[in-house]
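# Reading the structure
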Amino acid sequence: MSLLEVRDLIAGYGPVRVLHGVTFNVDEGEVVVILGANGAGKTTTLRALSGMIPAKGVVAFAGHSIVGWQTDRIATAGVGHVPQGRGTLSDLTVHDNLLLGAYSRRDRAQINADIERWYAIFPRLGERRMQAAGSMSGGEQQMLAIARALMSRPRLVLLDEPSLGLAPIVTQELFRTLGDLNREDGVSMLVVEQNAGLALGIAKRGYVLEVGRIVVSGSADELAHNDDVRRAYLGI
Ligand SMILES: Nc1ncnc2c1ncn2[C@@H]1O[C@H](COP(=O)(O)OP(=O)(O)O)[C@@H](O)[C@H]1O
Ligand SMILES: [Mg+2]
């Protein structure tokens, strides 16, 4: 049984249908990437999975059907979400953002240990712990958004274009950290990304989404050698 099983997922906005029956899965411990052009429905897919928009079809997480669940119930069940364009509260300090990420946890000592661990992983957050999140650079806010989502200790984290707006060097560092987290903590990840090269570098498998439908699937290696994928997403 997969950690996340998605079958015939249909979702959209009001009368406008964006996803026309999307099927994929993420196994425990895997990093899975969804590639796709602007407007393909990548963000809509992640929103539907975390209950931010209504959806139809099968979404099973850890064996439970989560279709129709409220967003916070899905989060508490173990699905973290780093939305596109940062998921931080800009008026709150770095430290308070991290504490808020752990709101559903009760193990206070372990929460503090986790916060210190994030400061060690992202030293720039540690140096700015009392600074308002909104006053930091885009790269720093993206690191905070990821740390904040992982403070809930999710089994699966949904990452929506984590590299968007980041300098290439920061993006590389970020993907290295995501790869480490997956290997060391066993956090499963579903990554939506335009930077196909980096995403395929840490992914085990992937899918290509085109106008609300999965059109290609395969191992990261197969996708990296697929001519259509190379032309459309790798620029070669
Ligand atoms: N809040 C919204 N209301 C109406 N349509 C939307 C909304 N958000 C996205 N869409 C539409 O849904 C389609 C897919 O968007 P999105 O999931 O954001 O694509 P991607 O993340 O792959 O770039 C696009 O046609 C977009 O215009
Ligand atoms: Mg998007």
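Scroll up to find the structure.
The structure presented is a predicted model; accordingly, all values stated were derived computationally and were not measured. (Residues numbered from 1 in each chain as written. Chains lettered and ligands numbered in written order. Predicted model: local features only at pLDDT ≥ 70, side-chain atom pairs only at ≥ 80, totals over all residues. Heavy atoms only, no water.)

Right, let's talk about the coordination of the magnesium ion (ligand 2) for a bit. The magnesium ion (ligand 2) binds to the protein through Thr43 (OG1) and Gln84 (OE1); the donor distances cover 2.0 to 2.2 Å. One end of the pair, threonine 43, is in helix α1 (residues 42-49); the other, glutamine 84, is in the loop between β6 (79-82) and α3 (94-101), with 41 residues separating them in the sequence. Threonine 43 sits in the buried class, given a relative accessible area of 19%. (Donors = N, O, S within 2.8 Å, 3.2 Å for Na, K, Ca; no water. Helix = DSSP H or I, 4+ residues; strand = E, 2+ residues; numbered from the N terminus. Buried < 20%, exposed > 50% of the residue type's maximum accessible area, 1.4 Å probe, protein only.)

Another point: the pairing of strand β1 (residues 4-13). One ladder, built from eight bridges, connects β1 with strand β2 (residues 16-26); its direction is antiparallel. By the bridge assignment for β2, leucine 9 is matched with valine 22. Counted along the chain from β1 to the antiparallel partner β2, the turn is two residues long, and its residue glycine 14 has a positive phi close to 60 degrees. Note that β1 and strand β4 (residues 55-61) share six bridges and pair antiparallel. Its bridge partner lying in β4, arginine 7 is registered against valine 58. (Pairing = 2+ DSSP bridges.)

This part is about the sheet that holds strand β9 (residues 205-210). In a beta sheet, neighbouring strands are held together by backbone hydrogen bonds and run either parallel or antiparallel to one another. An order of β6-β7-β8-β3-β9-β10 is seen for the six strands of this open sheet, with the pairing classed as mixed. If you trace the sheet from one side to the other, it starts and ends with β6 and β10 (213-219), each paired once. Between one strand and the next, the sheet's axes are offset by a mean angle of 15 degrees, whatever the strand orientation. Sitting on the sheet, α1 is in contact with β3 (31-35), β6, β7 (156-160), β8 (188-192) and β9, with an inclination near 150 degrees to β7. (Axes fitted to C-alpha atoms, helices over the stretch in contact; angles between N-to-C directions. Contact = heavy atoms within 4.5 Å.)

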